[in-house]
Amino acid sequence: YRKFLITHQEEGLLKDDVTKISEIVIRNPYNKHKPSRIIGLGVAASSAVSWKEVKYVLFSDITRSKQDYRDTLQGAMTRLTNTEGYFLIETIPGKIGDPVYELVQNAKFGSQDEDEDIPPELMFNYTEIPATKAVDAGVIREEWLDAQRSKLGKMFSKYYECQWIVEGGKVIPDYQLE
């Protein structure tokens, strides 16, 4: 991919249009004066709304964030307005009631808000891929998965079976009780 990376200032581009630690700048074959970017951001809502033309947003493991990420999620969604782009959330289940849980419930069962009439093109599709499918595909071994089941106990279903579980209200986490 090196031949596509912009690693130094080039004629017709801004001085800042170069690959950095948190941003990859790639040559745009359709418009050499408008490079494409892949940007890695944290959970700060302010950084999610700083971009004007976004075609694709990926949230990876956002449910593991210790911060409230609702504003970041909503802000990132607004960035797709100019491009009618795509939004992908790839994560394990978080807490019941968190923003991703609400998106999943709306995708599975429809909105519970009577005043909210969401057009189909703005609805999320929801896909569960439990670890058993990886075993079936030969990506992981059944024995390894069984070892994880023994190791994680009650938490196994959250990490490997796409199950939302209740964790709140305890002083000691489940894994320490086993």
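Residues numbered from 1 in each chain as written. Predicted model: local features only at pLDDT ≥ 70, side-chain atom pairs only at ≥ 80, totals over all residues. Heavy atoms only, no water.

K.L.:
Is there a simple way to think about the packing of aromatic side chains in this case?
P.N.:
The relative placement of two aromatic rings is captured by the distance of their centres and the angle of their planes. Inspection of the entire model under this criterion finds four aromatic pairs. Relative to Phe87, the ring of Phe59 lies with its centre 5.4 Å away and its plane at 25 degrees, an arrangement referred to as stacked. Of this pair, Phe59 sits in strand β3 (residues 56-60) while Phe87 is found in strand β4 (residues 86-90), placing the two residues 28 residues apart along the sequence. For the residue pair Phe59 and Phe87, the accessibility class agrees, reading buried in each case. Residues Phe156 and Tyr160 carry aromatic rings whose centres are separated by 5.0 Å and whose planes lie at 25 degrees to one another, so their mutual orientation is stacked. In this pair, Phe156 and Tyr160 both sit in helix α6 (residues 156-160), four residues apart, roughly one turn of the helix. For Tyr160, a relative accessible area of 18% corresponds to the buried category. (Phe/Tyr/Trp six-rings, centres within 6.5 Å; stacked < 30°, edge-to-face > 60°. Helix = DSSP H or I, 4+ residues; strand = E, 2+ residues; numbered from the N terminus. Buried < 20%, exposed > 50% of the residue type's maximum accessible area, 1.4 Å probe, protein only.)

K.L.:
What exactly am I supposed to notice about the pattern of salt bridges here?
P.N.:
Side chains bearing opposite charge may pair, as long as their charged atoms lie close to each other. Considering all chains together, one arrives at five salt bridges under this definition. In this structure, the salt-bridge partner of Arg70 is Glu102, at a minimum N-O distance of 3.0 Å. Placement of the pair is Arg70 in helix α2 (residues 70-78) and Glu102 in helix α3 (residues 99-109), with a sequence separation of 32 residues. Residue Arg141 is joined to Glu143 by a salt bridge in which the shortest nitrogen-to-oxygen separation is 3.5 Å. (Salt bridge = Lys/Arg side-chain N within 4 Å of Asp/Glu carboxyl O.)

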